[in-house]
Amino acid sequence: QVQLVESGGGLVQAGGSLRLSCARSGSLFAITAMGWYRQAPGKQRELVARIASGGSTTYAGSVKGRFTISSGNAKNTVYLQMNSLKPEATAVYYCNVFGTRLLSAARDYWGQGTQVTVSS
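In every chain, residue numbers begin from 1 and rise along the written sequence. Totals for whole chains, interfaces and linings use all residues, but because this is a predicted model, local features are given only for residues with pLDDT of at least 70 and pairs of side-chain atoms are given and counted only at 80 or more. Side-chain calculation: all heavy atoms of the structure are included, whereas hydrogens and water are not.

What follows is about the overall build of the chain. The helix and strand labels rest on DSSP assignments: H or I over at least four residues marks a helix, E over at least two residues marks a strand, and numbering proceeds from the N terminus. The helix and strand inventory of the chain stands at 0 helices and 11 strands. When the helices and strands of the chain are listed from N to C terminus, the series reads β-β-β-β-β-β-β-β-β-β-β. The size measure is the radius of gyration over C-alpha atoms, and the globule rule it meets is 2.2 Å times the number of residues to the 0.38 power. Here the C-alpha atoms of the chain give a radius of gyration of 14 Å, agreeing with the 14 Å that 2.2 N^0.38 yields for 120 residues. Here the C-alpha coordinates of the chain stretch approximately 50 × 25 × 20 Å along the principal axes. Relative accessibility thresholds used throughout: buried, under 20% of the residue-type maximum; exposed, over 50%; partly exposed, between the two (1.4 Å probe, protein chains only). The buried share of the chain, taken over its 120 residues, is 41%. With an accessible surface of roughly 6,300 Å², the chain has 48% of that area assigned to carbon and sulfur atoms. Counted charges follow a simple rule, with Lys and Arg positive, Asp and Glu negative, and His plus the chain ends left uncounted. One atom stands in for each charge, and that atom is NZ of Lys, CZ of Arg, CG of Asp or CD of Glu. Of the charged side chains in the chain, 12 are positive and 4 negative; the average position of the first set lies 6 Å away from that of the second. Accessibility throughout is a Shrake-Rupley quantity obtained with a 1.4 Å probe, and a residue counts as covered only by protein chains that appear here.

Only one rule defines a salt bridge in this text: a Lys or Arg side-chain nitrogen within 4 Å of an Asp or Glu carboxyl oxygen. Applying the stated criterion to the full structure yields 1 salt bridge. Between Glu 46 and Arg 38 there is a salt bridge, with its nearest N and O atoms 2.7 Å apart. The partly exposed category is assigned to Glu 46, whose relative accessible area is 37%. Overall, Arg 38 belongs to the buried group, its relative accessible area being 8%.

In this section: the state of the cysteines. Put simply, a disulfide is two cysteine sulfurs that come within 2.5 Å. Applying the stated criterion to the full structure yields 1 disulfide. The side chain of Cys 22 participates in a disulfide bridge whose partner is Cys 95; the two sulfur atoms lie 2.1 Å from each other. Measuring handedness by torsion sign, the sulfur bridge of Cys 22 and Cys 95 sits at about -80 degrees and is left-handed. With Cys 22 in strand 3 (residues 18-25) and Cys 95 in strand 9 (residues 91-100), this pair connects stretches of sequence that are 73 residues apart.

A patch consists of residues whose relative accessible area exceeds 30% and which take part in no salt bridge; residues with like charges are grouped when within 9 Å of each other, and nonpolar side chains (Val, Leu, Ile, Met, Phe, Trp, Tyr) when within 5 Å. A cluster of nonpolar side chains, contributed by Phe 29, Leu 102 and Leu 103, occupies part of the molecular surface with about 440 Å² of accessible area. Checked against the element boundaries, Leu 102 lands in the loop between strand 9 and strand 10 (107-110). Given a relative accessible area of 59%, Leu 102 falls into the exposed group.

On to the sheet that holds strand 3. Strand order in the open sheet formed by 4 strands is 1-3-8-7, with antiparallel pairing between adjacent strands. In this open sheet, the two strands that pair with only one neighbour each are strand 1 (3-7) and strand 7 (67-71). The mean angle between the axes of side-by-side strands here comes to 15 degrees, regardless of whether they run parallel or antiparallel. Pairing of strand 1 with strand 3 involves 5 bridges; the strand directions are antiparallel. Considered in strand 3, the bridge of Leu 4 is made with Arg 24. Paired strands are those between which DSSP finds at least two bridges. Throughout, an axis means a line fitted to C-alpha atoms (over the contacting stretch in the case of helices), and angles, computed between N-to-C directions, take values from 0 to 180 degrees.

Every definition here rests on a 1 Å grid over the protein atoms only: cavities are sets of points where a 1.4 Å probe fits but cannot get out, pockets are open sets enclosed by protein on both sides within 12 Å along at least five of seven lines, and lining residues have some atom within 4 Å of a point. Grid points are joined across faces, edges and corners, and a volume is the space filled by probe spheres set on the points. Throughout the structure, instances matching the rule amount to 1 cavity of 30 Å³ or more. Lining the largest cavity are Leu 4, Cys 22, Arg 24, Met 34, Lys 75, Asn 76, Thr 77, Val 78, Cys 95 and Val 97.

See below:
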């Protein structure tokens, strides 16, 4: 069974930084991409950053240049370094992995989410 556990969320003042971590347990035969999504109250979940298996990255326009996504060895962990945080970044941040278990179809795996609150 694949599980994703996020950590690193919290309360920070505007202009501050946080580093989110996501640790994966359980094996995957192949990973297409890993990423971070967020959902603010009353809003839909949105992509924040994504890193493909080849290393290419994608960022939401609102975070480009301030957030950096990276992955650890063997793609067991994924990180999100968030700098120059703004109050509008307040949301629950979810770790995501799109991958395949042996003899199974590719699917999304989600963590339970970690709260990030940026005070003005």
